[in-house]
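Results of the structural survey
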Amino acid sequence: MNIRKLIPKKLMTKLDNRDLRLIKYKLRNTECKYKIYTEDLGKLKDKVAIVTGGSGAIGSAICFRLAMEGAHVFVAGRNKENLNSVVNQIKENGGNAELIEVDVTNYEDINKKMEYIYNKCGKIDILVNNAGGSARSKNNKIVDQDVEVIDEVLNINLRGTILCCKECSKYMIKNNYGRIVNIRINSWNWWFVRIFRILCI
């Protein structure tokens, strides 16, 4: 969310970055209602979708929307309790979902879980790479940043995304169909992703 677009220009001049971070943090926990139009229902009937980071605010909204459009959604993440809460909410509203515990920093785990989903459903149609983290509590100026924190952020946001794409692509190619959506990280760590993209061009 670009918080600067929500604040009037006159007020922006009186706020520093710390104030903006505080406002953004408070807005994170604000409930937001959205409409699901009836013509969208059934659009994704019989599609199998995986959403990593499925128990977070953005991930759960994506899972809910895909399920309401008819997809069989695998809500993926590390916290079983939070994943279960999202799955139950989807089921209560008539959607089809199940949880899958997966650690996107662990290649063997990704490989095993994607294979399990493919064997169970016979296909993987949609992958939404939403898992991410910015190590906010350990955030520091880049010159003072610990290498372990940089590795942690890259493993979740970049390496995890690439590995999930790699594993799901195998099954999408087999079935001659697939859609992959990568959610961009909008914090200091996405610069690493941008640098990687520039270097790869």
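Cut-offs used in this document
Residues numbered from 1 in each chain as written. Predicted model: local features only at pLDDT ≥ 70, side-chain atom pairs only at ≥ 80, totals over all residues. Heavy atoms only, no water. Pairing = 2+ DSSP bridges. Helix = DSSP H or I, 4+ residues; strand = E, 2+ residues; numbered from the N terminus. Axes fitted to C-alpha atoms, helices over the stretch in contact; angles between N-to-C directions. Contact = heavy atoms within 4.5 Å. Buried < 20%, exposed > 50% of the residue type's maximum accessible area, 1.4 Å probe, protein only. pLDDT = per-residue confidence, 0-100.

1. Things to note about the sheet that holds strand β3 (residues 96-101)
- An order of β3-β2-β1-β4-β5 is seen for the 5 strands of this open sheet, with the pairing classed as parallel. Each edge of the open sheet is held by one strand with a lone partner, namely β3 and β5 (179-182). Taken over all neighbouring pairs, the strand axes of this sheet differ in orientation by 15° on average, direction set aside.
- Summarising the sheet, strand β1 (residues 48-52) and strand β2 (residues 72-77) pair through 5 bridges and their orientation is parallel. Paired with Ala49 across the bridge in β2 is Val73.
- Strands β1, β2, β3 and β4 (126-129) of the sheet are contacted by helix α3 (residues 57-68), whose axis makes an angle of about 170° with β1.

2. Brief notes about the environment of Tyr177
- Turning to its location among the elements, Tyr177 is positioned in the loop between α6 (147-175) and β5.
- Assessed through its relative accessible area of 29%, Tyr177 is described here as partly exposed.
- Sequence-distant contacts of Tyr177, defined by excluding residues within four places in its chain, comprise Lys47, Ile124, Asp125 and Met172.

3. Points about the confidence of the model for the protein chain
- Here the protein chain averages 80 in pLDDT, while 69% of its residues score no lower than 70.
- At the low end of the mean pLDDT range in the protein chain sits helix α7 (residues 190-200), at 47; at the high end sits β1, at 97.
- When the criterion is pLDDT under 50, residues 186-201 qualifies, and its contacts beyond four places in sequence or with other chains add up to 19 contacts.

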